[in-house]
There are 2 protein chains.
Amino acid sequence: MSENQDLQKSFLETVKFDKNGLIPAIVQDHETGKVLMMAWMNRQSLEMTLERKKACYWSRSRQKLWLKGESSGNMQDVHDILIDCDGDTLLLKVSQIGGACHMGYHSCFYRKAKEDNSMEICDTLMFNPDEVYGKKN
Amino acid sequence: MSENQDLQKSFLETVKFDKNGLIPAIVQDHETGKVLMMAWMNRQSLEMTLERKKACYWSRSRQKLWLKGESSGNMQDVHDILIDCDGDTLLLKVSQIGGACHMGYHSCFYRKAKEDNSMEICDTLMFNPDEVYGKKN
């Protein structure tokens, strides 16, 4: 496929939603390249994200639109949206306010596998989740 | 959840496969932070990856194990595997030989959305896919 063929569709025509109408979106800090989280988008949340330049997802657990940071204040300003070769995964480059993770870490990927199948913490705690979301226990 | 509670399970116990027995794996260059691709793993491909330190996935289209680079030579040496807060997404930090993308680009995310809903190429062509995979047309 030539470069021209590769670009002949529009961005929104290129996006392939799965049978549930969703596409995974990888979220990366646009300056440091750190991967912060992965979330899912439906067409409406993608259109909202494109329009507002604030990341908006589809919450599979709550089955509703989820403007990231709506309750925590930890919003994501979207700089760029990239799409992969198959059109079935997005990559958002964002500025993350506070931490991305509901556990209080900067990134949701805060645990790393060790050789012995245990894990270690490999990220920085940015806030106390009990203070932001309320104590759950 | 305290840090200790967060680490009390083993890595493999923490991994949550979906109803199809799969988990998405984001693949990132371990030195530059560039996101190269996303692929899916089943338990067997994850165990092979952990053992060999070469990325191995489950090909959903071909329904078989897929040792990345087996046909193209563009293998991925795995440095680290991270897991997200929900245990349902992995992040592999790798050294990519050649390009990750079957289209010949370094990254599968070689197209970026523009303001007018068109796209532009934002990555480097690393090889001619016709030469590596054979001409398809």
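Per an unreviewed UniProt entry, chain A is named Phosphoribosyl-AMP cyclohydrolase, and its organism is Prosthecochloris vibrioformis. The record held by UniProt for chain A lists under Subunit (unreviewed entry) the comment "Homodimer." Per UniProt, chain A carries the Function (unreviewed entry) text "Catalyzes the hydrolysis of the adenine ring of phosphoribosyl-AMP."

Asker: Hey, could you go over the interface of chain A and chain B for me, with residue numbers and the actual values?
Answerer: Taken together, the contacts link 48 residues of chain A with 48 residues of chain B. Of all residues in chain A, Phe109, Arg111 and Met119 of chain A bury the most surface against chain B, accounting for 17% of the area lost on that side. The salt bridge involving Lys112 of chain A is made with Asp80 of chain B; its shortest N-O contact spans 3.8 Å. Counting every contact that joins chain A to chain B gives 24 residue pairs in polar contact (both at pLDDT 80 or more). Ranked by residue count, the leading element in the side of chain A that touches chain B is strand 5 (residues 76-83) of chain A, at four residues.

Asker: Could you give me a rundown of the packing of aromatic side chains, with the residues and numbers involved?
Answerer: By convention here, two paired aromatic rings are described through the distance between centres and the angle between planes. Residues and elements named next belong to chain B. Applying the stated criterion across every chain yields a total of six aromatic pairs over all chains. Judged by centre distance (5.3 Å) and plane angle (50 degrees), the ring pair of Tyr57 and Trp66 falls under tilted. Judged by its relative accessible area of 0%, Tyr57 falls in the buried class.

Asker: Explain unusual backbone geometry to me, using residue names and the numbers behind them.
Answerer: All names here are of chain B. Here the phi dihedral of Lys53 falls at roughly 60 degrees; this positive angle occurs in a residue that is not glycine. Positionally, Lys53 belongs in the loop between helix 3 (43-52) and strand 3 (56-59). The class of Lys53 is partly exposed, set by a relative accessible area of 35%. Of note in this structure, Gln63 is not a glycine but carries a positive phi near 55 degrees.

Asker: Which residues make up the UniProt feature "binding site: Mg(2+)" (unreviewed entry) in chain A, and what values go with them?
Answerer: Per the UniProt record, "binding site: Mg(2+)" (unreviewed entry) is annotated on Asp84, Asp86 and Asp88 of chain A. In this structure, Asp84 of chain A sits in the loop between strand 5 and strand 6 (90-96). When its relative accessible area of 3% is taken as the criterion, Asp84 of chain A is described as buried. Those residues in contact with Asp84 of chain A that lie beyond four places of it in its chain are Thr89 of chain A together with Cys108, Phe109 and Arg111 of chain B.

Asker: Give me the lowdown on the pairing of strand 4 (residues 64-67) of chain B, citing residues and values where you can.
Answerer: All names here are of chain B. Relative to strand 4, strand 3 runs antiparallel, the two sharing four bridges. Within strand 4, the position partnered with Cys56 by the bridge is Leu67. Between strand 3 and the antiparallel strand that follows it, strand 4, lie four residues; Gln63 among them carries a positive phi value of about 55 degrees.

Asker: Please provide a residue-by-residue account of the sheet that holds strand 6 of chain A, values included.
Answerer: The strand order across the open sheet formed by six strands is 2(A)-1(A)-6(A)-5(A)-7(B)-8(B), and the pairing between neighbours is mixed. Here the strands that pair on one side only, and so sit at the sheet edges, are strand 2 (35-41) of chain A together with strand 8 (119-121) of chain B. Each strand axis lies, on average, 30 degrees off the axis of its neighbour in the sheet, ignoring direction. Note: strand 5 of chain A against strand 7 (residues 111-113) of chain B, two bridges, orientation antiparallel. What sits directly across from Leu82 of chain A, in strand 7 of chain B, is Lys112 of chain B.

Asker: How would you sum up the relation of the copies chain A and chain B? Please name residues and give values.
Answerer: Overlay of chain A on chain B (RMSD 0.0 Å): rotation 180 degrees, translation along the axis 0.0 Å. Here the copies are linked by what is in effect a two-fold axis. For chain A, the smallest separation between a C-alpha atom and the rotation axis is recorded for Gly33 of chain A, amounting to 2.5 Å.

Asker: Quick one: what's the story with helix 3 of chain B, residue by residue and with numbers?
Answerer: Residues and elements named next belong to chain B. Buried residues of helix 3: Ser45, Leu46, Met48 and Thr49, and no others. The arc enclosing the buried residues of helix 3, seen along the axis, measures out at 160 degrees, which places them on a common side. On its buried face, helix 3 sits against helix 2 (11-14), strand 2 (35-41), strand 3, strand 4, strand 5 (76-83) and strand 6 (90-96). At the exit of helix 3 stands Lys53, carrying a positive phi of roughly 60 degrees.

Asker: Which residues make up the side chain of Ser45 of chain B, and what values go with them?
Answerer: Within the fold, Ser45 of chain B resides in helix 3. Aside from chain neighbours lying at most four places away, what touches Ser45 of chain B is Cys56, Tyr57, Trp58 and Leu65 of chain B.

Asker: Hey, could you go over the environment of Asp77 of chain A for me, with residue numbers and the actual values?
Answerer: Residue and element names in this part refer to chain A. Tracing the chain through its elements places Asp77 in strand 5. The exposure class of Asp77 is partly exposed, given its relative accessible area of 25%. Sequence spacing of Asp77 and Asp29 is 48 residues, and the spatial spacing of their C-alpha atoms is 9.9 Å. Within polar-contact distance, the side chain of Asp77 engages the side chain of Lys54 at 2.4 Å.

Rules behind the numbers
- Position numbers for residues count from 1 along each chain, tracking the sequence in the order it is written.
- Going through the entries in the order they are written, you letter the chains from A and number the ligands from 1.
- Note on the predicted model: pLDDT of at least 70 is required for a residue's local features to be given, and 80 or more for side-chain atom pairs to be given and counted; whole-chain, interface and lining totals, by contrast, use all residues.
- Think of the side-chain values as coming from all heavy atoms in the structure, minus any hydrogens and water.
- UniProt positions are given in the numbering used here, feature names are shortened, and annotations may be inferred rather than shown by experiment.
- Any pair of residues with heavy atoms lying within 4.5 Å of one another is described as a contacting pair.
- By buried area we mean how much accessible surface two parts lose on assembly, using a 1.4 Å probe and totalling the loss over both.
- Any carboxyl oxygen of Asp or Glu within 4 Å of a side-chain nitrogen of Lys or Arg constitutes a salt bridge here.
- Whenever two N or O atoms come within 3.5 Å, that pair is a polar contact, provided that in protein one can donate a hydrogen and the other can accept it, and provided that, for residues adjacent in sequence, both atoms are side-chain atoms.
- Put simply, DSSP marks the helices as runs of H or I at least four residues long and the strands as runs of E at least two long, and each gets a number from the N terminus on.
- When two rings of Phe, Tyr or Trp (its six-membered ring) have centres within 6.5 Å they constitute a pair, described as stacked for plane angles under 30 degrees, edge-to-face for angles over 60, and tilted for the intermediate range.
- Buried means the residue's accessible area, taken with a 1.4 Å probe over protein chains only, is under 20% of the maximum for its type, while exposed means over 50%, and partly exposed covers the values in between.
- Here, a strand pair is defined by DSSP locating no fewer than two bridges between the strands.
- Axis geometry follows a simple rule: fit a line to the C-alpha atoms, using only the stretch in contact for helices, then measure angles between N-to-C directions, giving values from 0 to 180 degrees.
- Least-squares superposition of the copies uses the C-alpha atoms of those residues scoring a pLDDT of at least 70 in each of them.
- When we speak of the arc, we mean the arc of directions from the helix axis to the C-beta atoms.

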